[in-house]
Amino acid sequence: MPIKKYKNVLSLLAFVAPALIIYSLFLLIPTVGGMYYSFTDWNGLNPNYSFIGLGNFIEALREDPDFVNALLFTMKYVLFMIVLQNVFALVLAVFIETKTRTKGFFRTIFFMPNMISTIISAFMWTFVFSQVLPQIAEKTAMSFLDQLWIGDPKVSFYSIIIVSLWNGVGYMMIIYLAALQGVPQSLKEAAVIDGASPFQTFRKVTLPMITHAVTICFFLTLNGAFKVYEVVYGLTGGGPGRSTQVITMNIFEEAFSNNFRYGYASAKSVILFVIILIFTFIQIGVMKRKEVEA
């Protein structure tokens, strides 16, 4: 290798090394360690533990109804978030794109909730659900607002969805906005000249041109929804009972509340990792094919 090229490689490694070290210490090594301990009965404290093979995985999937229910609830949450968050974000992006003079104002307003911590947002909305909405229902004709938004298992799920959308739509909206700005205006004008309606122009011209943004937003929504924790913890704590417990809360509970079963909790984490990996590959594969067709 020439000396100049060798020096360039060393300089690049020097720049990458700090981030790589931090990534390895706080993510890569713990991930590998978690996979290792998922095959053991380690309690997190005792240096002595035994290998039990697939015992933890079998127990989680066959003998732990709380984990299965948490997994099903999380899947339901993921489905709602993938559809609603991307639809609302795209609609807002299209709306803002048409507002030439007030574009910056609306972009700031809709993005602001994303700047607030998720747990803070959850506590804010807890006050809204428990105090503000009942007062509005009492003083107006909107009696439907007087609900047990957090205490009723049938309603609390939708409360979680509302807060999650309020907190996360703005970020996806910015991605869609950036993609919309990259659509050539000449193509839209040509479609209008050919007699296409605004909806047809969007469906036949704009949407195919921003498919790459749809892929990114679907990927981010999918991963974020599977790993949701703060909003559920802040709103319902997984209750009432365990009716709104997500898989991350179940894992945390197993590790720190139920006799410190770190090995068992690690096995649940690996199951979650595999599920996310499978869904991610499916989603990216489908969306990439859509991009090619577009």
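Residues numbered from 1 in each chain as written. Predicted model: local features only at pLDDT ≥ 70, side-chain atom pairs only at ≥ 80, totals over all residues. Heavy atoms only, no water.

A. How the structure looks around the packing of helix α3 (residues 65-98) against helix α9 (residues 211-226). Put simply, α3 and α9 touch, their axes get as near as 9 Å, and they point 150 degrees apart. In terms of axis orientation, α3 runs roughly antiparallel to α9. Seen along the crossing, α3 lies across α9 with a hand that is right-handed. Within the contact between the two elements, α3 uses Thr74, Met75, Tyr77, Val78, Met81, Ile82, Gln85 and Asn86 and α9 uses Cys217, Phe218, Thr221, Leu222, Ala225 and Phe226. Looking at side-chain class alone, the contact of α3 with α9 contains ten nonpolar, four polar and no charged residues. (Axes fitted to C-alpha atoms, helices over the stretch in contact; angles between N-to-C directions. Helix = DSSP H or I, 4+ residues; strand = E, 2+ residues; numbered from the N terminus. Parallel < 35°, antiparallel > 145°, perpendicular 65-115°, else oblique. Left-handed = near helix turned anticlockwise from the far one by under 90°. Contact = heavy atoms within 4.5 Å. Nonpolar A, V, L, I, M, F, W, Y, C, P; charged D, E, K, R; others polar.)

B. Examining the environment of Ile136 more closely. Within the secondary structure, Ile136 is located in helix α5 (residues 118-139). In sequence terms Ile136 and Phe88 are 48 residues apart; their C-alpha atoms lie 25 Å from each other.

C. Representation of the packing of aromatic side chains within the structure. Scanning the model with the defined rule gives 23 aromatic pairs in all. Consider the rings of Phe252 and Phe256, whose centres lie 4.8 Å apart with planes at 40 degrees: the pair is tilted. Here Phe252 and its partner Phe256 are both found in helix α11 (residues 247-256), four residues apart, which amounts to about one turn of the helix. You can call Phe256 partly exposed: its relative accessible area is 42%. Three or more aromatic residues joined by ring pairs make a cluster, and in this case those are Tyr36, Tyr37, Trp42, Tyr49, Phe51, Tyr229, Tyr233, Phe252, Phe256 and Tyr262. Its end group placed over the ring of Phe157, Lys76 keeps NZ or CZ at 4.3 Å from the ring centre. (Phe/Tyr/Trp six-rings, centres within 6.5 Å; stacked < 30°, edge-to-face > 60°. Buried < 20%, exposed > 50% of the residue type's maximum accessible area, 1.4 Å probe, protein only. Lys NZ or Arg CZ within 6 Å of the ring centre and 35° of its normal.)

D. Structural context of the pattern of salt bridges. The tally for this structure, following the rule as stated, stands at six salt bridges. Residues Glu97 and Lys103 are paired through a salt bridge, measuring 3.8 Å at the closest nitrogen-oxygen approach. Side by side, Glu97 and Lys103 carry an identical accessibility label, which is buried. Within the structure, one salt-bridge network assembled from shared partners comprises Asp64, Glu254 and Lys268. (Salt bridge = Lys/Arg side-chain N within 4 Å of Asp/Glu carboxyl O.)

E. Summary view of the nonpolar core. Tyr77, Phe129, Tyr176, Val231 and Leu235 are the most contacted members of the largest nonpolar core, which has 63 residues in total. Those elements that provide at least two residues to this core are α2 (55-62), α3, α5, α6 (153-180), α9, α10 (230-235), α11 and α12 (262-293). When residues of this core are assigned to their parent elements, the largest contribution, 14 residues, is made by α6. Ignoring sequence-local partners within four residues, the contact set of Phe129 consists of Pro134, Trp149, Ile150, Ser159, Ile162, Val163 and Leu235. (Core = buried A, V, L, I, M, F, W, Y, C linked by side-chain atoms within 4.5 Å.)

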